[in-house]
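# Observations on chain architecture
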Amino acid sequence: MDPNDADNAGNAGVESDSWHILTGDINGCRLCGLCEARTNAVVGRGCQSANVLFIGEGPGEDEDLQGLPFVGRAGKLLDFALGGLMYPEDLYYIANIVKCRPPKNRAPTDDEAALCLPYLRRQTRLISPKIIVCLGAVAMRHIIGREHKITQIRGEWIERKGLYIMPTFHPAALLRDDNKKPLMWRDLKAVRRKAEEYR
Ligand code: URA
C-alpha cells in the first residue's frame, strides 16, 4: 500500500475524516469474516500526532480482549525495548494491518488485508507520521511490497514521497530467537535517531 495515497484513503471523505469517525467505522466494520469472532476491533494506541507509526500484523488473543494492539507477550517486549531506548510516549503510535483477530493467530489473508488497509491509510493520514516501521514480514509485504525478504531488508530505510519506512523484525520473532534482539535494538535506535531530526 502507498501510505500517502489519498485516492485509496478509505470510504470516508478524506477531507472530513476524524478519529471519531474512523474509530466508529472500524468498530462497526463487517467487511470481512474476521468481524464474526471478534471481542473488540483494535484501532491502535499511542500519540495520534506521532512522528513514528509502528505497524504490526493483527491482534492476538490479548489484543482482541483488551481492544488495544501489542498488549500480550510480544507487545510487552516491544514496550520494554522502546522504554529502554527512551522513546518518549508522544513519539509513536502503534497499529496493525488488520483490526480484528484472525482465528488461531494465523496471518491475515490478502483479501482480509486489502479490505482493512483503507483504515490504516486513514490512520496514517490523520497521524501524518514522518517514519513508518513495519514490524515483521506481513506488515512489510503489505506496506512495502511482496518481493522482499525481511531478513534481507530489515534495518534499511526506504523513502517514499517524503516518508521514511523501515522494516524490522516482529517482536514475536524475538521471543523465539534471542539472536534477533541486538538487530532489532539497532533498528529501533536508528528509528529513534531519525525521529529526533523532526522534533
Ligand atoms: N502481534 C501483532 O502483530 N499485533 C498485535 O497487536 C499483537 C501481536
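Residues numbered from 1 in each chain as written. Predicted model: local features only at pLDDT ≥ 70, side-chain atom pairs only at ≥ 80, totals over all residues. Heavy atoms only, no water.

### Description of the overall build of the protein
Of the regular secondary structure elements, the protein holds eight helices and six strands. Secondary structure elements in the protein, listed N-terminal to C-terminal, are α-β-β-α-α-β-α-β-α-α-β-β-α-α. Computed over C-alpha atoms, the radius of gyration of the protein comes to 16 Å, within 12% of the 16 Å expected from 2.2 N^0.38 for 199 residues, which places it in the range of a compact globule. Structurally, the protein occupies a C-alpha span of about 40 × 35 × 35 Å along its principal axes. Each of the 199 residues in the protein was classed as buried or not, and the buried ones make up 52%. (Helix = DSSP H or I, 4+ residues; strand = E, 2+ residues; numbered from the N terminus. Rg over C-alpha atoms; globule rule 2.2 N^0.38 Å. Buried < 20%, exposed > 50% of the residue type's maximum accessible area, 1.4 Å probe, protein only.)

### Structural notes on unusual backbone geometry
Backbone geometry at M86 places phi at a positive 55°, although glycine is not the residue there. Here M86 is to be found in the loop between α3 (73-84) and β3 (92-96). Even without glycine at this site, K161 takes up a positive phi of about 50°. Considering the arrangement of structural elements, one finds K161 in the loop between β5 (158-160) and β6 (163-168). On the accessibility criterion, K161 (62% relative accessible area) is exposed.

### Thoughts on the confidence of the model for the protein
Of the residues in the protein, 93% reach a pLDDT of 70 or more, and the chain-wide mean stands at 94. This stretch, residues 6-12, has a pLDDT under 50; its non-local contacts, to residues over four places away or in other chains, come to 16 contacts. (pLDDT = per-residue confidence, 0-100. Contact = heavy atoms within 4.5 Å.)

### As for the site of the ligand
In the region of the ligand, the neighbouring residues are G56, E57, G58, E63, P69, F70, N96 and H170. Measuring from an oxygen atom of the ligand, one finds a backbone N or O atom of E57 at 2.7 Å. Here N96 contributes a side-chain N or O atom positioned 2.8 Å from a nitrogen atom of the ligand. In isolation the ligand offers 240 Å² of accessible surface; the protein chains occlude 91% of this area. Tallied by class, the residues present in the shell around the ligand amount to two nonpolar, four polar and two charged. (Near = heavy atom within 4 Å. Polar contact = N/O pair within 3.5 Å; in protein donor to acceptor, adjacent residues only side chain to side chain. Areas by Shrake-Rupley, 256 points an atom, 1.4 Å probe, with all protein chains shown as cover. Nonpolar A, V, L, I, M, F, W, Y, C, P; charged D, E, K, R; others polar.)

### Focus: the sheet that holds strand β1 (residues 45-46)
Spatially, the six strands line up as an open sheet ordered β1-β3-β2-β4-β6-β5, and their pairing is mixed. The sheet terminates laterally at β1 and β5, the two strands that pair on one side only. Note that strand β2 (residues 52-56) and β3 share five bridges and pair parallel. Bridge assignment links G56 to a residue of β3, and that residue is N96. (Pairing = 2+ DSSP bridges.)

### Here we look at the nonpolar core
Membership of the largest hydrophobic core comes to 33 residues, with the highest contact counts inside it found for I55, Y93, I97, C134 and I143. Counting only elements with at least two residues in this core, the list comes to α1 (19-27), β2, β3, α4 (110-127), β4 (131-135), α5 (137-143), α6 (150-153) and β6. With six residues, the single largest contributor to this core is α4. Residues contacting C134, with those up to four places away along its chain left out, are I55, A139, M140, I143, I144, I165, M166, P167 and T168. Counting residues in hydrophobic clusters, the runner-up holds 24 residues, among them L91, Y92, L174 and V191. (Core = buried A, V, L, I, M, F, W, Y, C linked by side-chain atoms within 4.5 Å.)

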